[in-house]
Amino acid sequence: MTQSPAVRTTGPSGPVRIGERAARTLVTELARRNDPKAALLIGATPGSAVLAAAVEALLPGDRLTVVPAEGCSPAALREHVSAQGGWVADRVRVAATLAEADAAEVVIAAEPLTGTAEEARATVNGLAKYLTDGSVLSVAAPIFRTEGAAAELDRQGVLHGVRTDLVLRNSPPVRVHHLRFTPASAALAARLSPAYRPSSVPLARNMHIDSNGVAAAGISLGLAALARMTRPKSKLWLLPALAAAPVAAFFRDPERDIPEDPSAVVAAADGQVLSVQRLHDERFGEGEWLRIAVFLSVLDVHVNRAPVAGKVVDYFVADGGFVNAMKPDAEHNVAAYTVLDTEHGTVVVAQRTGLIARRIVQRAPVGALLAKGERFGLIRFGSRTDVYLPADAAEPLVGPGDKVVGGSTVIARWV
């Protein structure tokens, strides 16, 4: 009988474990799909955090097949599943071997890969056979840059990746790769919820800080410590120390209530509407576009969200200057364009730099599916975000001077 693909789970620093945060990241593609689906979890044990996260993510119409890890008894795993109650037992099936499993929309490797590149390639290829068209394989590897498995998954990510999530709060830290080997339709995006992203560090139930903010605050505190050590009698260390809190606050990432109305187009960022105009832009295709431009001050949340559900089909950066984002000439600033294929046609989000903003972060590679309101990047400091919609398919609901909230405010409606 065919066993699960062999996976080494011991790195150079000892055993590699998947904690709750990494487990939640591994099962995010299961958790975000709102339609009935079949999932396959390979390499589970009764006490596995990944198994617990997968069970928690199940919806009433879902089916989960679980293949035990090497050395784990199928009977013990079945007993564990039965102990969870009838609701879980009705939806979770334990297969003794991988050969007994059927293809699924989501395939998850519960154990991290730590072997050679050849071993990792064989494992990934073996698991990919159980994916239906457009489905996703999620697998983790520790951040050992000398490890062949990590390098192989990086290579697979370039070829087939949906995205890669870095989970630092794990022992040891791991990188979770979400791989898609065949294209997914843009229509699937409308059935997704925003993905869980560990790049957003929780502070409270409704407030997170983007990982860029954690790093920036850490640098400020490091400079303060260095200044205190080198010049103990000086008060200069207070400047970077006091700057750490406002720097971190700039990268705040609050939770948002996303409208369920399928005809709603939401704001891509917080800020003030600068203009609503119809124009032509041949870079995105023929026809007229409705462009809604929003200015972000340094006090606004700078995390960018997808205004509609869609598939990323193109991404490019246009060179330019760094004019004040409120001025008309800001249209020629450096900008990153994310092009989405949607059920209503092409939609484009432009992340524009400003006078202070000099860094654009975009985390949605070509081929990724974005749910409406899903985080996909940010711009550091004052900037501007433009949303381009097909003019004949959308009606604007905001005007110049209006304040909008990213992911929540409805700025237009499909007609």
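Residues numbered from 1 in each chain as written. Predicted model: local features only at pLDDT ≥ 70, side-chain atom pairs only at ≥ 80, totals over all residues. Heavy atoms only, no water.

## Quick notes on the pairing of strand β8 (residues 161-167)
- In this structure, β8 lies alongside strand β9 (residues 174-179), joined through six bridges in antiparallel fashion. Residue V167 lies in a different strand from β9, and its bridge partner there is V174.
- Turn length for the β8-β9 hairpin, with the two strands adjacent in sequence and antiparallel, is six residues. (Pairing = 2+ DSSP bridges. Helix = DSSP H or I, 4+ residues; strand = E, 2+ residues; numbered from the N terminus.)

## Comments concerning the domain arrangement of the chain
- Per the domain assignment, the segments making up the chain are domain 1 (20-183), domain 2 (207-252) and domain 3 (259-414).
- Between domain 1 and domain 3, the contact holds five residues from the first and eight residues from the second.
- Taken together, both faces of the contact between domain 1 and domain 3 bury some 440 Å²; the carbon and sulfur share is 38%.
- When residues of domain 1 are sorted by the area they lose upon contact with domain 3, R32, V162 and R180 head the list and together hold 71% of the total.
- The closest approach of N and O atoms between E374 and R32, which form a salt bridge, is 2.4 Å. (Domains from an automatic or database assignment. Contact = heavy atoms within 4.5 Å. Buried area = accessible area lost by both parts, 1.4 Å probe. Salt bridge = Lys/Arg side-chain N within 4 Å of Asp/Glu carboxyl O.)

## Observations concerning the pairing of strand β26 (residues 410-414)
- The pairing of strand β13 (residues 264-266) with β26 spans three bridges and is antiparallel. Bridge pairing in β26 places V265 opposite A412.
- Note: strand β24 (residues 394-396) against β26, three bridges, orientation antiparallel. In the strand pairing of β26, P396 is matched with A412.

## Section: the sheet that holds strand β10 (residues 200-204)
- Taken in spatial order, the three strands make up an open sheet running β10-β11-β12, and their pairing is antiparallel. Two strands bound the open sheet, and with one partner strand each, they are β10 and β12 (252-254). Adjacent strand axes in the sheet meet at a mean angle of 35°, parallel and antiparallel pairs treated alike.
- Looking at chain direction, β10 and strand β11 (residues 207-210) are connected through four bridges and run antiparallel. Paired with V201 across the strands is I209, a residue of β11. (Axes fitted to C-alpha atoms, helices over the stretch in contact; angles between N-to-C directions.)

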